[in-house]
Amino acid sequence: MAILSPSILSCDYMNMQRDFAACKEAGCKWLHVDIMDGHFVPNLSFGYSLVQSMRPVTDLVLDVHLMIDTPIKYAENFCKAGADYLTIHVEADTPENIKKTLELIRSLGVKPGIVVKPKTPAEAIAEYLPMVDLVLVMTVEPGFGGQKFMADMMPKLKQLRGMLDEVNPACHLEVDGGVDLVTGEVCKENGADVLVAGSAYFKAADKPAFVKSIEA
Ligand code: DX5
Ligand code: ZN
């Protein structure tokens, strides 16, 4: 049994509240919110005020993915805005600051997560695994929706599930990028239990069927 986390990067920005309600109606439990700063990734998206505006209008779990440099500067704002999970990139700061940021997030009552880009090995996050509630493996280079799924990330996904089983078995293992009904199956076979889908979900004609099938 997996969880779908639809990426709102692909929703209709003029009708966000309607789309969030439709996600809930389709059976979704989470929403994935991609935050981009134009430095860590070559694109811009939303700020913490969007999370703040979302919080009163949806009770879905807000899974916030920070693709920003030095997340320690902004983590508190996102926590106070209403994130349920706040996930930072291991490549975005020094090991000392990454640890401090994860601790800060937890101290504010939010679940911390750590992400690896495609070229970053599993070993790079080994020391943080006991501290987090979610590990995210990117299956595209972060920055844009609609890219092709990188199947060569599957050994790393499997390796991380094995590492988590040793030190933090309750931790979620999430994948993000190019996930659809077909690639989602491959991710689940390799240990993922949370699947982010942006374009595939928002393009699906029958959303309840998509949720049912990807979460099966
Ligand atoms: C990419 C973002 C993803 C993106 C996924 O950098 O982190 O969450 O929205 O979009 P799809 O599912 O279209 O690849
Ligand atoms: Zn994302």
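Reading the values: rules and limits
- Residues numbered from 1 in each chain as written.
- Chains lettered and ligands numbered in written order.
- Predicted model: local features only at pLDDT ≥ 70, side-chain atom pairs only at ≥ 80, totals over all residues.
- Heavy atoms only, no water.
- Pairing = 2+ DSSP bridges.
- Helix = DSSP H or I, 4+ residues; strand = E, 2+ residues; numbered from the N terminus.
- Axes fitted to C-alpha atoms, helices over the stretch in contact; angles between N-to-C directions.
- Near = heavy atom within 4 Å.
- Polar contact = N/O pair within 3.5 Å; in protein donor to acceptor, adjacent residues only side chain to side chain.
- Areas by Shrake-Rupley, 256 points an atom, 1.4 Å probe, with all protein chains shown as cover.
- Donors = N, O, S within 2.8 Å, 3.2 Å for Na, K, Ca; no water.
- Tetrahedral: all angles 85-135°; square planar, octahedral: opposite > 155°, others 65-115°.
- Buried < 20%, exposed > 50% of the residue type's maximum accessible area, 1.4 Å probe, protein only.
- Core = buried A, V, L, I, M, F, W, Y, C linked by side-chain atoms within 4.5 Å.
- Contact = heavy atoms within 4.5 Å.
- Right-handed = clockwise from strand over helix to strand, strands pointing away.

### A closer look at the sheet that holds strand 4 (residues 85–89)
Turning to step 1, where the next piece is worked out: The strand order across the open sheet formed by 8 strands is 1-8-7-6-5-4-3-2, and the pairing between neighbours is parallel. The strands lining the two open edges of the sheet, one partner per strand, are strand 1 (3–6) and strand 2 (30–36). For this sheet, the mean inter-axis angle between neighbouring strands, taken without regard to orientation, is 25 degrees.
Turning to step 2, where the next piece is worked out: Pairing of strand 7 (residues 172–176) with strand 8 (residues 194–197), which is carried by 3 bridges, proceeds in the parallel orientation.

### So, the site of ligand 1
Turning to step 1, where the next piece is worked out: With respect to spatial proximity, 19 residues lie near ligand 1, and among them Asp 34, Gly 143, Asp 176, Gly 198 and Ser 199 are the closest.
Turning to step 2, where the next piece is worked out: Within the side chain of His 32, a nitrogen or oxygen atom sits 3.4 Å from an oxygen atom of ligand 1.
Turning to step 3, where the next piece is worked out: Within the contact set of ligand 1, an oxygen atom lies 2.7 Å away from a backbone nitrogen or oxygen of Gly 198.
Turning to step 4, where the next piece is worked out: Compared with its free state, where it exposes 380 Å², ligand 1 has 99% of that area covered by protein.

### Observations regarding the coordination of the zinc ion (ligand 2)
For a metal with four tetrahedral donors the ideal donor-metal-donor angle is 109.5 degrees, whereas six octahedral donors ideally subtend 90 or 180 degrees.
Turning to step 1, where the next piece is worked out: Ligation of the zinc ion (ligand 2) by protein atoms is provided by His 32 (NE2), Asp 34 (OD), His 65 (ND1) and Asp 176 (OD), these donors lying 2.0 to 2.3 Å from the ion.
Turning to step 2, where the next piece is worked out: Coordination geometry of the zinc ion (ligand 2): the 6 donor atoms subtend angles of 70 to 169 degrees at the metal centre, consistent with an arrangement described as octahedral.
Turning to step 3, where the next piece is worked out: As a motif over one chain, the donors of the zinc ion (ligand 2) read H-x1-D-x30-H-x110-D. Taken together, the positions of His 32 in strand 2 and His 65 in strand 3 (residues 61–67) put the pair 33 residues apart, joining distant regions of the chain.
Turning to step 4, where the next piece is worked out: Of the residues examined, His 65 reaches a relative accessible area of 0% and is grouped as buried.

### Notes on the nonpolar core
Turning to step 1, where the next piece is worked out: Residues Ile 8, Val 64, Ile 114, Val 135 and Tyr 201 are the most contacted members of the largest nonpolar core, which totals 69 residues.
Turning to step 2, where the next piece is worked out: Sequence-distant contacts of Val 64, that is, excluding residues within four places in its chain, are made with Val 33, Ile 35, Val 51, Phe 78, Ala 83, Tyr 85, Leu 86 and Thr 87.
Turning to step 3, where the next piece is worked out: Within the second largest apolar cluster, 9 residues are counted, among which are Ile 3, Val 115, Val 140 and Val 194.

### Things to note about the pairing of strand 4
Turning to step 1, where the next piece is worked out: Judged by how many residues are buried, strand 4 sits mostly within the fold: 5 of 5 residues are covered.
Turning to step 2, where the next piece is worked out: With burial as the criterion, each face of strand 4 is covered, one bearing Tyr 85, Thr 87 and His 89 and the other bearing Leu 86 and Ile 88.
Turning to step 3, where the next piece is worked out: In this structure, strand 3 lies alongside strand 4, joined through 4 bridges in parallel fashion. When the sheet's bridge partners are listed, Leu 66 is paired in strand 4 with Ile 88.
Turning to step 4, where the next piece is worked out: With respect to chirality, the unit in which strand 3 leads through helix 3 (residues 75–81) into the neighbouring parallel strand 4 is right-handed.
Turning to step 5, where the next piece is worked out: Bridging between strand 4 and strand 5 (residues 111–116) involves 5 bridges; their strand directions are parallel. Its bridge partner lying in strand 5, Ile 88 is registered against Ile 114.
Turning to step 6, where the next piece is worked out: Tracing the backbone out of strand 4, into helix 4 (residues 95–107) and back to the parallel element strand 5 gives a crossover that is right-handed.

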